Amino acid sequence: MARVVVDVMLKPEILDPQGQAVQRALPRLGFEGIADVRQGKRFELEVEGAVDDAALARIHELAETFLANTVIEDFVVKVENAEGIENPVTPDVPAKSGS
Amino acid sequence: MARVVVDVMLKPEILDPQGQAVQRALPRLGFEGIADVRQGKRFELEVEGAVDDAALARIHELAETFLANTVIEDFVVKVENAEGIENPVTPDVPAKSGS
Amino acid sequence: MSLDTVKHAEQTPDVELPWKELGLKEDEYARVREILGRRPTGAELAMYSVMWSEHCSYKSSKVHLKQFGEKAPQSDAMLVGIGENAGVVDVGEGYAVTFKVESHNHPSYVEPYQGAATGVGGIVRDIIAMGARPVAVVDPLRMGAADHPDTKRVLPGVVAGIGGYGNCLGLPNIGGELVFDACYQGNPLVNAGAIGVMRHEDIHLAKASGTGNKVILYGARTGGDGIGGASILASETFDATKPSKRPAVQVGDPFQEKLLIECTLEAFAEQLVVGIQDLGAAGLSCATSELASNGSGGMRVELDDVPLRDSTLSPEEILMSESQERMCAVVEPDKVERFLAICEKWDVIATVVGEVTDGTRLEIFWHGEKIVDVDPRTVAHDGPVYERPYARPDWQDALQADDAGELARPADGDALRAQVLQVVGSPNQASKAWVTDQYDRFVQGNTVLAQPEDSGMIRINEETGLGVALATDGNGRFAKLDPYTGAQLALAESYRNVAATGARPLAISDCLNFGSPEDPDVMWQFAEAIRGLADGCLELGTPVTGGNVSLYNQTGEAAIHPTPVVAVLGVIDDVARRTPIAFRESGQLLYLLGDTRQEFGGSAWSDVVHGHLGGLPPKVDLGREQLLAEILISASRDGMIDAAHDLSDGGLVQAVTESCLRGGNGARLVVPDGLDAFTLLFSESAGRAVVAVPRSEELRFTDMCGARGLPATRIGVVDGDAVEVQGEFTLSLAELRSAHQETVPSLFA
Amino acid sequence: MTARIGVVTFPGTLDDRDTQRAVRVAGAEPVPLWHRDKNLGQVDAVVLPGGFSYGDYLRAGAISRFSPLMETVIEQARAGMPVLGICNGFQVLTETHLLPGAMLRNTDLHFVCRDQKLRVENAETAWTADYTQGQEISIPLKNIDGRYVADERTLDALEAEGRVAFRYATAGESADGYGNPNGSLRDIAGITNAAGNVVGLMPHPEHAVEPLIGTGRTDGLGFFTSILKNLVNA
Ligand SMILES: Nc1ncnc2c1ncn2[C@@H]1O[C@H](COP(=O)(O)OP(=O)(O)O)[C@@H](O)[C@H]1O
Ligand SMILES: [Mg+2]
């Protein structure tokens, strides 16, 4: 079983109240030097069978039509390898949110 | 400015209804072959200055005391390199949620 | 290219501006040039184009809307009328109430959650801007067919958005509607209403007066949201290097809005505010031009001082941005420090961005250069006015001739029983608890009545029990059959719902949802609906305090049903006397008030059983509505009735089902002389209600009805655990409950 | 001398005024407390009311718990001062670890507002003494992050020590307010610390103190009369 990760973040120009609330709390917690915080969603999909281009294309479509709302969100699809390092996928389909 | 990513996921033994809702919707959308879906949070921190061990240790502490609630959640801290590949950090402090 | 300053505009009269792309018509652009005596700067063009849009200028609707003023009934209650952010009425004991309904239809289709959420945010800011503490919200909704896959996307998102925003803001949701109809498939209606309460002396208006007073912008930072038009101007014409896509959808931050409420009310309480305006559609363009034109002087604004979320925004974009959760206050110089301190206390960013001048111009500066120099009235109030052509549609006669009275009726008691189950279990008639249970109705601790009661009711004064009631209604099917009557039926139903709870109707607000004004059929529907509403308000003595017009609700050529939604506000001296819908006591007598006629045009029965829409809607008799209301109010005040439920879509059987389920008691009904069971159960004649009368009060109650000339027919008794129609059928409460309560969850949960 | 009960306001707190009213209805004196202050100003007990402090962003209660006032509340609670956390207040108490476990999104992912039946499991805490063991009460529930979770060991310990203060009553039809509304483990609606002075629960007793308002029941008043007696007897 392979793991594919879809990260969904609000587009940079869209207000992120959650990230802002975290950032504004940091000084109170004694943390400095963090210029910006954005909060998004992470989906971990356990895929049966091979994660080939066809499978990735389907997951990309899933992300675009369902996991993310591309009116306000961007997403990235990644395959996690054994070391836990995530490689962003750039197949024929663009990995960044299309529309 | 460097980007550090903190991924926060519910511990495996905790019920994740959001992930389940996604998974349940998949067949309706015509998707098969996805055995499990978990939904978590992704924080992108824009760090001023160098992301050295000291900075990472502080972010680790931030994640442990604030970004994640380690009663229910695990977290991973990663540094994003120029290619967008995220390397999990395993410094002296354990990268998986401790406590 | 360099900054398009006023000076530059004077020197380069021939520069072509993208006025067309910004939605201005040729003659409108010519008019702008004429007003200014030169070509506008990019920033000025941006302001005129948004402020002269249909949404902000009411250019197609103005000529009709003025009837609300011309036909306004005499009313001592009106403190602030149409034209301000929201109307204000006197409810006694020194209290004033402001309320309004607005639409957020199009954004909610694109992004249901955020569209609906920001709809709530916008209406609540209108209420705060009047000086009031918001105390409740309502949400009249119209969705596409219940079983259409896209409705499964839109409705749950809209409900989650309304709940997500309103719940987080701490406003009880006390009413609304949810109607499904295929005509709304590509264009759902998301209307949101709010009520606020203040003392008379706390009423605030949107005007900037007093030379030297400071203009303070506070709340969220300004970002690139909702500035479609302006970014055309900014990126494509003036600076091609800019990202050309700015988001058309805004993300709401209810937490920020909650802070805005608290800090604004604290500033009001310390009398720090001369004038105030919320930032809604058209953002700073609207707020500055309206504040300046309603006040006595001019205004000077330094755009560089506006706190930004995105430093790449152009001045045009800053002026147009519709970023949520922002307000603009005018404050005397020596009170600025205190105002800013209150904002700081609530973690709200506040910045002085300008001041009131002794001139008459609105002047806006960027990097030290003047980029706007206009008479603010010309932006805010002197927009174009259209006399759009309208004509009675050629299909209207055929529609009305298709009489619902001809439809096949149930042959016997068994068939009638089956149709009753079918109707009370249909998506439109079924319980909406799945929706309303996602809304907090208890917060603030003053909710006397909420869904599924006839109207919401909020206590205002803990000591005296003074309260207000609000109901919203609209029936697009009736309005399609006859828009004049349909609008009056919406008014009558909402009025009746308020009276049924024991409150006295005082005033109304409305949200008029229609198709394209460029279609003469639609324009006729619109004109007729307004005429009906204005005539109706005059007759009932309930003035229109304000409202909202939403046009262009259509998919391609197909317009939605004309959908005027009417909100009636009522007042009750002591909320302890409120009348709920529940049949709580076995043995109480059921009386049907009003006349029941053969009226099935546009009815729930014709829709659910026959998929039919045709004929004429029920007849309206506003004098009768008034009489019914007086009886319901007197009966509540004098303790003569224990329950009342108005009759509307679904007819008597719908009302009895709801009252039985709510009270956990059954009812035995007898068909009175002169009526057949089918007509008794399903007719939708207006001006009716069912009441439960304790036996000890029967004589007093019937005497009162008799003396005042209201038909009151005894139709049965509260009893048992079934609804039984003698000689026809029996339906157990359990069976009715599952039919009524399982439909909506089974579609959407 | 009437008891003084502090009611904390964080940015985004919603039920502070209602809670003050409930304290008043019970006959005590409500004292508004502001999150930025450190000083509790002579109060005998503290209520952390419901709402969406900091919008519930990040996690419900996660940001508020770092307020200056909470430092003092934590200190005083450890020293025995009665503290009641309602809904968001309960979430704050778990984030501070004054109470074990955590609160997650309801299993059906919806905000739920309803009149909820509860069983009183521990009628000996500072806030529940006016109820009887096993008593069924009905008070409003309204939240989206109300699912109580803790690991099995913690849950077993809570049960063994009698620290489950309230459970959702599951006996009847859920339409009537029975049933576990959010997937809370072991139907837990509220818990207490070992000493019985710190209690947290998801439903809202402050919305059920007047016969006319809300659900029309006064089942929640017992919380506030309990604490009054507790303080007078102390
Ligand atoms: N979207 C909604 N939001 C809030 N309350 C609603 C909504 N839809 C329906 N309701 C409530 O449900 C109850 C029944 O609605 P409806 O049948 O439209 O009432 P009526 O026919 O009396 O106008 C009313 O109390 C109404 O306020
Ligand atoms: Mg009604």
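Refer to the preceding data block for the structure.
An account of the accompanying structure is given in this report. (Residues numbered from 1 in each chain as written. Chains lettered and ligands numbered in written order. Predicted model: local features only at pLDDT ≥ 70, side-chain atom pairs only at ≥ 80, totals over all residues. Heavy atoms only, no water.)

### A few points about the overall build of chain D
Here is the rule: By the criteria applied, helices consist of DSSP H or I runs no shorter than four residues and strands consist of E runs no shorter than two, each listed in order from the N terminus. Values of the radius of gyration come from C-alpha atoms, whereas the globule rule sets the reference at 2.2 Å times the count of residues to the power 0.38. We call two residues in contact whenever any of their non-hydrogen atoms come within 4.5 Å of each other. Using a 1.4 Å probe, accessible areas were evaluated by the Shrake-Rupley method; residue-level cover was limited to the displayed protein chains. Positive charge is attributed to Lys and Arg, negative charge to Asp and Glu, and no charge count is given to His or to the chain ends. Every charge is mapped onto a representative atom, which is NZ of Lys, CZ of Arg, CG of Asp or CD of Glu.
Helix and strand counts for chain D stand at five helices and eleven strands. A compact globule built from 234 residues should have a C-alpha radius of gyration of about 17 Å, and chain D, at 16 Å, falls within 12% of that. Considering only C-alpha atoms, chain D reaches an extent of 45 × 35 × 35 Å along its principal axes. If you take every contact in chain D between residues at least 6 apart in sequence, the share linking residues at least 24 apart comes to 75%. Element-wise, carbon and sulfur atoms account for 48% of the exposed surface of chain D, whose accessible area totals about 7600 Å². A distance of 3 Å separates the average location of the 21 positive side-chain charges in chain D from that of its 28 negative side-chain charges.

### Description of the overall build of chain C
Note the following rule: Only protein chains enter the calculation, and the probe is 1.4 Å; a residue is then buried if its accessible area is under 20% of its type maximum, exposed if over 50%, and partly exposed in between.
Along its length, chain C carries 26 helices and 28 strands. Since a compact globule built from 749 residues should have a radius of gyration of about 27 Å, the 27 Å found for chain C is in line with a globular shape. Along the three orthogonal principal directions, the C-alpha set of chain C runs to about 90 × 55 × 45 Å. Split into buried and exposed, the 749 residues of chain C put 65% on the buried side. Within chain C, residue pairs in contact and separated by at least 24 positions form 85% of the contacts whose partners lie at least 6 positions apart. Distance between charge centroids for chain C: 2 Å, based on 61 positive and 107 negative side chains.

### Digging into the packing of aromatic side chains
Centre-to-centre distance and the angle between the planes together describe a pair of aromatic rings. This is how it is decided: Only Phe, Tyr and Trp rings are paired, with Trp represented by its six-membered ring, and only when their centres lie within 6.5 Å; those with planes under 30 degrees apart are stacked, over 60 edge-to-face, the remainder tilted.
Applying the stated criterion across every chain, the model contains 18 aromatic pairs over all chains. Relative to D:Trp34, the ring of C:Trp346 lies with its centre 4.8 Å away and its plane at 70°, an arrangement referred to as edge-to-face. With one member in each of two chains, C:Trp346 in the loop between α13 (336-345) and β11 (350-357) and D:Trp34 in strand β2 (residues 29-34) form a pair that bridges those chains. No difference in accessibility class separates C:Trp346 from D:Trp34, as the two residues are buried.

### A few points about the interface of chain D and chain C
Selection rule: Note on terms: buried area is the combined drop in 1.4 Å-probe accessible area of two parts once they are placed together, counting the loss on both. Criterion for a salt bridge: a side-chain nitrogen of Lys or Arg within 4 Å of a carboxyl oxygen of Asp or Glu. In this classification, Asp, Glu, Lys and Arg are treated as charged, Ala, Val, Leu, Ile, Met, Phe, Trp, Tyr, Cys and Pro as nonpolar, and every other residue, Gly included, as polar.
At the junction of the two partners, chain D supplies 29 residues and chain C supplies 34 residues. In this assembly, chain D packs against chain C so that about 2700 Å² is buried in total across both faces, 57% of it on carbon and sulfur atoms. Contact with chain C buries surface across chain D, with D:Arg36, D:Cys113 and D:Leu212 losing the most and accounting together for 21% of the total. Counting the contacts that link chain D with chain C gives six salt bridges. C:Asp440 is the salt-bridge partner of D:Lys142, the closest N and O atoms lying 2.8 Å from each other. At the level of secondary structure, the elements contributing two or more residues to the side of chain D that touches chain C comprise α1 (16-26), β6 (112-120) and β7 (136-143) of chain D. For the side of chain D that touches chain C, the class distribution of residues is 13 nonpolar, seven polar and nine charged.

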